[in-house]
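# Understanding the architecture of this molecule
One-letter residues, chain by chain:
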Amino acid sequence: MIKKKYYTVLTTTILMFVAMLAVVGIMASYLWNYTPEGPNVPTDTMIHYDENNNPVVVKPLEDKTFNFLVLGHDRMATLTDVIMLINYNVTEGSISIMQFPRDTYVGYGVATSKINVSYATFFNEARGKGSDTPELDALRKFADHLESALCTKISYCAIMDLNGFINIVDAIGGVEMNVPTKMYYNDPDQNLYIDLQPGYQTLNGAQAEQFVRYRYGYLQGDLGRQDAQKIFMSAFIEKVQKSVNVSTLTTLAETVLDNLYTDMTVSDFVYFGKNVLSVDMSKVSMISMPCNPAGNHVVMAKKAMIDIVNKHFNVYDTDITEGIFDRDKIFVNNYDQTFINAYYSEKSTYGGTEYDAGNVNDSSIDIPHH
């Protein structure tokens, strides 16, 4: 009787184990064969209208290409000093990253008229209306404004705070890179303490935060910090490709998704992640938005920006023209001649230069210091 009961329990245990393996196998097969679909994929023909209300019809490219809006905010508030538009062309195996300066002028009714206040404004609006997901609602509204102005589609959005950033860097074992100069700054009001020595080293999450936040020794302040962040992003991508493999990708996906708000699923993350692991670093382009100064703001240089969007972020088969780009003029104050001159200038004082991650290091980007 005891022996019979033993065999019954053993058989049941084996069956449960086999069933569990089958479920895991089905889930793994689903994840590795999953392809994004639905509203996140640019599959519909779009109609844009130019300044004279003439329709311009655009169709999606045959390439599998996706845009992402990625934001980073501080601990003290929800100001997003990190604002990036990222394109991943899965078909071509290329990634393009464009950084928006935090002081970029926007004219859609946010305090200070600076782009880094957009998310906070939309978050407070959503929360005031009783939204259960104010973070995602704010992200989508922000993305909608950029979609309309840039005449493209943003498939996914994500935002993380500094604690999430630290956790993700630590999850991959830190980032090996060369710190180009001594970085020292203290601001107790922000609980910000930066003390990094120059030289090649592995930055853990807390040290990586210091590196990407440092701007006080750069002659151009936040604009110099953006170039330093290009150096970090290059090292970060390289570390991910070296330390993550197909067997650990799902675990990393869960860690990342636990540390940010996003409309991406684990399946989405694994789909993009497994492809990113094989992207050649020379096909990772990094650009800062071309812009010109205007008082306390910087203003997008329209013509240079159109060229960049067409080359890196256009998911349609038709080039974006001046007539349809930023039709509502959200990137220029039409009542201030300084802004108008900056917006329509043929040149940009800052940004527009393309760097590829395969060549970015401490000496390939010249960051002027005080």
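Rules used throughout
Residue positions are given per chain, counted from 1 along the sequence in the order it is written. Note on the predicted model: pLDDT of at least 70 is required for a residue's local features to be given, and 80 or more for side-chain atom pairs to be given and counted; whole-chain, interface and lining totals, by contrast, use all residues. Note: side-chain values were computed over all heavy atoms of the structure, leaving out hydrogens and water. In this description a helix means any DSSP run of H or I spanning at least four residues, a strand means any run of E spanning at least two, and both kinds are numbered starting from the N terminus. Each residue's exposure class comes from its accessible area (1.4 Å probe, protein chains only) as a fraction of the maximum for that residue type: buried when under 20%, exposed when over 50%, partly exposed otherwise. We call two residues contacting when some pair of their heavy atoms lies within 4.5 Å. Only strands that DSSP links by at least two bridges are regarded as paired with each other. Whenever a nitrogen or oxygen atom comes within 3.5 Å of another N or O atom, the pair is scored as a polar contact, on the condition that within protein one atom can donate a hydrogen and the other can accept it, and that pairs from neighbouring residues in sequence are kept only if both atoms are in side chains. Two aromatic rings, drawn from Phe, Tyr or Trp (for Trp, its six-membered ring), form a pair once their centres lie within 6.5 Å of each other, and the interplanar angle then sorts them: stacked below 30 degrees, edge-to-face above 60, tilted otherwise. To obtain each axis, a line is fitted to C-alpha atoms, and for helices this fit is confined to the stretch in contact; angles are then taken between N-to-C directions over 0 to 180 degrees. Orientation labels follow simple angle bins: below 35 degrees gives roughly parallel, above 145 gives roughly antiparallel, 65 to 115 gives roughly perpendicular, and whatever is left gives oblique. Here is the rule for handedness: rotate from the far helix to the near one, and if that takes an anticlockwise turn smaller than a right angle the crossing is left-handed, while a clockwise turn gives right-handed. Gly is placed with the polar residues, together with every amino acid not listed as nonpolar (Ala, Val, Leu, Ile, Met, Phe, Trp, Tyr, Cys and Pro) or charged (Asp, Glu, Lys and Arg). Within this scheme a cavity is a closed region of a 1 Å grid, computed over the protein atoms alone, that accommodates a 1.4 Å probe without allowing it to escape, whereas a pocket is open but has protein on both sides within 12 Å along at least five of seven lines; lining residues each have an atom within 4 Å of a point. Grid points are joined across faces, edges and corners, and a volume is the space filled by probe spheres set on the points. Each reported salt bridge corresponds to a side-chain nitrogen of Lys or Arg within 4 Å of a carboxyl oxygen of Asp or Glu. Helix span, expected: 1.5 Å multiplied by one less than the number of residues in the helix. Residue-level confidence of the predictor is summarised by pLDDT, bounded by 0 at the bottom and 100 at the top.

Now for the overall build of the protein. The number of helices and strands found in the protein is 10 helices and 15 strands. Split into buried and exposed, the 370 residues of the protein put 49% on the buried side. Of the contacts formed within the protein by residues at least 6 apart in sequence, a portion of 67% connects residues at least 24 apart.

On to the sheet that holds strand β12 (residues 284-288). Ordered by their spatial adjacency, seven strands build an open sheet running β11-β6-β3-β4-β5-β12-β15, and the pairing between neighbours is mixed. Both outer strands of the open sheet, β11 (261-262) and β15 (355-356), are each paired with one neighbouring strand and no more. Where strand β3 (residues 65-73) meets strand β4 (residues 82-89), eight bridges bridge the pair, whose relative direction is antiparallel. Within β4, the residue paired with F66 across the bridge is Y88.

The next thing to look at is the side chain of N314. Checked against the element boundaries, N314 lands in the loop between α9 (302-313) and α10 (337-344). For N314, a relative accessible area of 8% gives the class buried. Polar side-chain contacts of N314 include one of 3.0 Å to the backbone nitrogen of Y316. Separated by 2.8 Å, the side chain of N314 and the backbone oxygen of T318 make a polar contact.

For the rest of this paragraph, the subject is the pairing of strand β8 (residues 183-187). Relative to strand β9 (residues 192-196), β8 runs antiparallel, the two sharing five bridges. Paired with D187 across the bridge in β9 is L192.

Attention shifts here to the packing of aromatic side chains. As enumerated under the stated definition, the model contains 15 aromatic pairs in all. With centroids separated by 5.5 Å and ring planes inclined at 20°, the aromatic side chains of F68 and Y156 adopt a geometry described as stacked. Taken together, the residues F68 in strand β3 and Y156 in strand β6 (residues 156-161) connect sequence positions 88 residues apart. Y156 carries the same exposure label as F68, and that label is buried. Pairing Y271 with F272 gives two aromatic rings, centres 5.0 Å apart and planes at 75°, and the pair type is edge-to-face. Pair check on accessibility: Y271 and F272 agree, each one buried.

A few words now on the packing of helix α7 (residues 249-258) against helix α8 (residues 266-276). Their axes nearest at 9 Å, the elements α7 and α8 cross at an angle of 125°. With respect to their mutual orientation, α7 and α8 come out oblique. The handedness of the crossing between α7 and α8 is right-handed. Contacts between α7 and α8 pair L249, T250, A253, V256 and L257 from the former with V266, F269, V270, G273 and K274 from the latter. Residue classes in the contact of α7 with α8 are distributed as seven nonpolar, two polar and one charged.

Looking now at empty space enclosed by the protein. Counted according to the given criterion, the structure contains one cavity of 30 Å³ or more. There is about 40 Å³ of room inside the largest cavity. Taken together, D81, V82, I83, M84, Q99, F100, D222, Q226 and Q229 make up the lining of the largest cavity. Looking at the lining of the largest cavity, the elements that each hand over two or more residues are β4 and α6 (222-243). Split into classes, the residues belonging to the lining of the largest cavity amount to four nonpolar, three polar and two charged.

This paragraph deals with unusual backbone geometry. In this model, S113 sits at a positive phi of 55°, which is unusual for a non-glycine residue. For C151, which is not a glycine, the phi torsion comes out positive at approximately 60°. By relative accessible area, C151 is classed as buried at 2%.

Looking now at the pattern of salt bridges. Scanning the model with the defined rule gives 16 salt bridges in all. K114 is the salt-bridge partner of D103, the closest N and O atoms lying 3.4 Å from each other. Residue D103 is located in the loop between β5 (94-99) and α2 (118-128), and its partner K114 is located in the loop between β5 and α2; the two are separated by 11 residues in the primary sequence. Assessed through its relative accessible area of 23%, D103 is described here as partly exposed. The shortest N-O distance in the salt bridge between K242 and E238 comes to 3.4 Å. Taken together, the positions of K242 and E238, both in helix α6 and four residues apart, correspond to about one turn of that helix. Its relative accessible area of 37% is what places E238 among the partly exposed residues. Beyond isolated ion pairs, a larger network of salt bridges with shared partners links D81, R102, D103, K114, D222 and R225.

What follows covers helix α3 (residues 134-150). For α3, which comprises 17 residues, the first-to-last C-alpha distance of 24 Å matches the rise-based estimate of 24 Å (1.5 Å per residue) to within 8%. Those residues of α3 lying buried are P134, E135, A138, L139, F142, A143, L146, E147, A149 and L150. Count one or two residues on from α3 and you reach C151, which has phi positive near 60°.

Let's shift gears to the confidence of the model for the protein. Per-residue confidence for the protein averages 87 on the pLDDT scale, and 89% of its residues sit at or above 70. A low-confidence stretch, residues 17-31 stays under pLDDT 50, and its non-local contacts, those more than four residues away or across chains, total five contacts.

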